[in-house]
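Structural description and commentary
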Amino acid sequence: MDLIFEGIKKAFWLLVTGDPEVMRITFLSLKVSGSATLISLFLGISAGTIVALTSFPGKRIVVSIINTGMALPPVVVGLFVTVFLWRSGPLGFLEILYTPTAMVVAQAVIATPIVTGISLAAMQQLPRKLRLQILALGATRLQMVWILIKEARLPLLAAIMAGFGGVISEVGASIMVGGNIKGYSRVLTTATVMETSRGNFDVAIALGIILLLLAYLINLVLTYIQQRERPR
Amino acid sequence: MSSDRPVLETRDLRVVRGGVEVLDISEFAVHEGEVVCVVGPNGAGKTTLLQALCCLLRPSRGEIVFRGQRIETEYPVLQYRRRVAMVFQEALLFDSTVYNNVASGLKLRGLHGSKVRESVEEQMERFGIAHLRDRSARKLSGGEAQRTSLARAFAIKPEIIFLDEPFASLDQPSRESLMDDLQRILKRTNTAAFFATHDRIEALRLANRIAVMDEGTILQVGTPAEVMNHPANEFVASFVGVETILHGIVIEQNGGSFIANVSTTRVEAVGDANVGEHVLLCVRPENVVLATRRQDEGVSSRNVYQGKVKKVIPMGPYFKVQLDCGFPITSYVTAHSLEGMSIQEGKTLTASFKATAVHVIRNPQSMEQSLDQSINKGH
């Protein structure tokens, strides 16, 4: 019990004193996971919308692959991204392994299927006839897609939350492709793992609490937008 | 009302889905300011017809001609869609305010500012939803939502409006008042309209012309009076509310009228038919008079039959009484008459109808052929 109490005390202390290392780690976590989420939103909403609005042979198989992708283990993603970015790998020439960019790539790979899957479900739950109604109102195909995305905006917020939640909390891929290099590619999760393995439970708990707080605050904002009273 | 030049014409329109032909219209046209009601049971192909005419689905064959120009080859689909409008059974509003919904069609056309505002306000006023301007579309009643949907469609000043059972999911009072408003607005704006409905009363109220559909084809086109009083075949007859349809064989021809055998009894009808010919005799329930005693004397009706009441069905303001006179016959009576004659199941009554009240469908077997010809000739 003392251990936890000490951890909380330490976390509070680190936060109020604005410990530069903790701040840097927190900022990098936000930057990496935020960028990865943005990329996944662009890719995932586009892919989800295309799959939802078109019909093609084998659509069910594609949907089931997307749904499987939503449960992609970060460690597996880390492994594949490492192999691809390895010096002798297909993308080795980019020389981005063990950089925050590699972490963004890995996290985007994790988040994209999550965002795609939820976007797909969000678009599919709109009434089918709505598309016809929008076209009948004189919309071009592009205008129709834009209106449909706007109509599905509330469930799409869930996609942002799930995508961000998935990557801010993952550790396997980040540690594998980022290397947990102090002052360079160390983020909240990788630092927590390291501090725990060193037996520095107070720092680990502090980092854990900051991670939780961060996830909570971001989801609070998104939830607020989602649940906000609609126009009267 | 209608001028000579059609706003929209279609020729040889076919839609095939999953290998099955779901629509087959040889020829049809709608004129300026004309309201055409497409009636038929569920699954008759009304929605498919409207969506095909609105270019929301691609027909397997045929052409749609808008003001003399063939759509797709001579006139772009998008431009055509921007000159027409469609309202569905569900209001299908956007998750925004009533104002934004009504404005949406105009905004999609790149319009903004006072032009949009004026048009939107005019339509909201017309449809009685001006007070709901800032309300979320999600918080509207069914009637209010459908009014918003109609206002949105009329805001773009369509040259043709397609209405796919817009009142089907509304309660009776909302339906009545909205139908009144729609009728008034269609007349004032002189907009051509295609109105699909399975409710013949709605069709009778709104239509300049009625097209009766079943199984993807148009069975009869005509004015409401033509379709109601001279149904082209048994299906149309039963759909437009002819309750008594008797199959008979002509046994006597008296120049202008004839007598047909219906099971074991004789029915007299005005019309031409040859002895030995098979005919369908249609009698509307409102033309059948019921009485408690046989009243041959002083009654101009030639067709008087005695029968037992099989069923009494309440129909709101009146009752439907089904009699078995050796063949089934149906009549409508008011609650007052029902009570006065103490009509109940099993009671013996006399039913009579005039020979002129019988609509004759000749040669029912070859009806399909003659119908095709009459539709092809025009309407």
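Residues numbered from 1 in each chain as written. Chains lettered and ligands numbered in written order. Predicted model: local features only at pLDDT ≥ 70, side-chain atom pairs only at ≥ 80, totals over all residues. Heavy atoms only, no water.

1. What to know about the overall build of chain B
For chain B, the helix and strand inventory stands at 11 helices and 20 strands. Its C-alpha atoms give chain B principal-axis dimensions of about 75 × 45 × 40 Å. Expressed as a percentage of its 379 residues, the buried residues of chain B come to 53%. Pairs at least 24 apart in sequence give 68% of the contacts found in chain B among residues at least 6 apart. Accessible surface for chain B amounts to roughly 17100 Å². Of this, 47% is attributable to carbon and sulfur atoms. When the 44 basic and 45 acidic side-chain charges of chain B are each reduced to a single mean position, those positions are 4 Å apart. (Helix = DSSP H or I, 4+ residues; strand = E, 2+ residues; numbered from the N terminus. Buried < 20%, exposed > 50% of the residue type's maximum accessible area, 1.4 Å probe, protein only. Contact = heavy atoms within 4.5 Å. Areas by Shrake-Rupley, 256 points an atom, 1.4 Å probe, with all protein chains shown as cover. Lys, Arg positive; Asp, Glu negative; His and termini not counted. Charge placed at Lys NZ, Arg CZ, Asp CG, Glu CD.)

2. Things to note about the overall build of chain A
Along chain A, the regular secondary structure elements total 11 helices and zero strands. Reading the helices (α) and strands (β) of chain A from amino to carboxyl end gives α-α-α-α-α-α-α-α-α-α-α. Each principal axis of the C-alpha atoms in chain A carries an extent, and together these give about 65 × 55 × 25 Å. Per-residue burial over chain A gives 45% buried out of 232 residues. Accessible surface computed for chain A: about 12300 Å², of which carbon and sulfur atoms make up 71%. Of the side chains in chain A, 19 bear a positive and 10 a negative charge, and the two mean positions are spaced by 18 Å.

3. Observations concerning a nonpolar patch on the surface
Where nonpolar side chains cluster on the molecular surface, the patch consists of V76(A), L79(A), F80(A), V83(A), F84(A), L91(A), F93(A) and L94(A) and spans about 740 Å² of accessible area. Assignment of secondary structure puts F80(A) in helix α4 (residues 74–85). (Patch = residues over 30% accessible without salt bridge, like charges linked within 9 Å, V, L, I, M, F, W, Y side chains within 5 Å. Salt bridge = Lys/Arg side-chain N within 4 Å of Asp/Glu carboxyl O.)

4. Focus on the pattern of salt bridges
Residue and element names in this part refer to chain B. All chains considered together, the criterion is met by 34 salt bridges over all chains. Between E72 and R58 there is a salt bridge, with its nearest N and O atoms 3.1 Å apart. In this pair, E72 is assigned in the loop between β5 (69–70) and α2 (77–81) and R58 in the loop between α1 (46–53) and β4 (61–66), connecting sequence segments 14 residues apart. For E72, a relative accessible area of 48% corresponds to the partly exposed category.

5. Overview of helix α3 (residues 98–108) of chain B
Among the 11 residues of α3(B), nine are classified as buried, and the element is accordingly described as predominantly covered. Each element contacted by the buried residues of α3(B) is listed here: α6 (128–136) and α7 (141–151) of chain A together with α4 (114–126) and α5 (142–155) of chain B. In the segment just after α3(B), G110(B) is the residue with positive phi, at about 80 degrees.

6. Re the sheet that holds strand β1 (residues 6–17) of chain B
Residue and element names in this part refer to chain B. Strand order in the open sheet made by the four strands is β2-β1-β4-β5, with antiparallel pairing throughout. Both outer strands of the open sheet, β2 (20–31) and β5, are each paired with one neighbouring strand and no more. Sheet strands in contact with α1 are β1, β2 and β4, and its direction is about 120 degrees off that of β1. (Pairing = 2+ DSSP bridges. Axes fitted to C-alpha atoms, helices over the stretch in contact; angles between N-to-C directions.)

7. Some details on the domain arrangement of chain B
Residue and element names in this part refer to chain B. Entries for chain B in the domain assignment read domain 1 (6–234) and domain 2 (243–364). Residue-level contacts link eight residues of domain 1 with six residues of domain 2. Interface area for domain 1 against domain 2, summed over the two sides, is near 580 Å², with a carbon-plus-sulfur share of 55%. Area buried by domain 1 at its contact with domain 2 is led by M228, P231 and E234, which between them contribute 62% of it. There are zero salt bridges connecting domain 1 and domain 2. Applying the counting rule to domain 1 against domain 2 returns three residue pairs in polar contact (both at pLDDT 80 or more). Class assignment for the residues of the side of domain 1 that touches domain 2 results in three nonpolar, three polar and two charged. (Domains from an automatic or database assignment. Buried area = accessible area lost by both parts, 1.4 Å probe. Polar contact = N/O pair within 3.5 Å; in protein donor to acceptor, adjacent residues only side chain to side chain. Nonpolar A, V, L, I, M, F, W, Y, C, P; charged D, E, K, R; others polar.)

8. Remarks on the environment of A191(A)
Turning to its location among the elements, A191(A) is positioned in helix α10 (residues 188–198). Setting aside chain neighbours within four positions, we find A191(A) in contact with I25(A), N180(A), R186(A) and L207(A).

9. Re the nonpolar core
Grouped together as the largest cluster of nonpolar side chains are 64 residues, with contacts concentrated most on L8(B), Y80(B), I160(B), F162(B) and F194(B). Considering each element in turn, this core owes the most residues, five residues, to α6(A). Not counting chain neighbours up to four residues away, the residues in contact with F194(B) comprise L8(B), F28(B), V30(B), V36(B), V38(B), L50(B), L53(B), I160(B), I161(B), F162(B) and L163(B). (Core = buried A, V, L, I, M, F, W, Y, C linked by side-chain atoms within 4.5 Å.)

10. A few points about the packing of aromatic side chains
Residues and elements named next belong to chain B. The final tally for this structure, using the stated rule, is 10 aromatic pairs over all chains. Between the aromatic rings of F66 and Y80, the centroid separation amounts to 5.1 Å while the plane-to-plane angle is 65 degrees, which identifies the pairing as edge-to-face. Of this pair, F66 sits in strand β4 while Y80 is found in helix α2, placing the two residues 14 residues apart along the sequence. For Y80, a relative accessible area of 0% translates into the label buried. Each residue in the set F28, F162 and F194 is aromatic and connected to the rest through ring pairs, giving one cluster. The ring of F94 carries the charged tip of R152 above its face, separated from the ring centre by 5.0 Å. (Phe/Tyr/Trp six-rings, centres within 6.5 Å; stacked < 30°, edge-to-face > 60°. Lys NZ or Arg CZ within 6 Å of the ring centre and 35° of its normal.)

11. Notes on the sheet that holds strand β6 (residues 84–87) of chain B
All names here are of chain B. An order of β6-β7-β8-β3-β9-β10 is seen for the six strands of this open sheet, with the pairing classed as mixed. Every interior strand has two partners, whereas the edge strands, β6 and β10 (217–222), have only one. Ignoring which end each strand starts from, the neighbouring axes of this sheet average 15 degrees apart. Relative to strand β7 (residues 160–164), β6 is paired through four bridges, and the arrangement is parallel. Its bridge partner being in β7, M86 is matched across the sheet by F162. Against the sheet, α5 engages β6 and β7, with an angle of about 170 degrees to β6.

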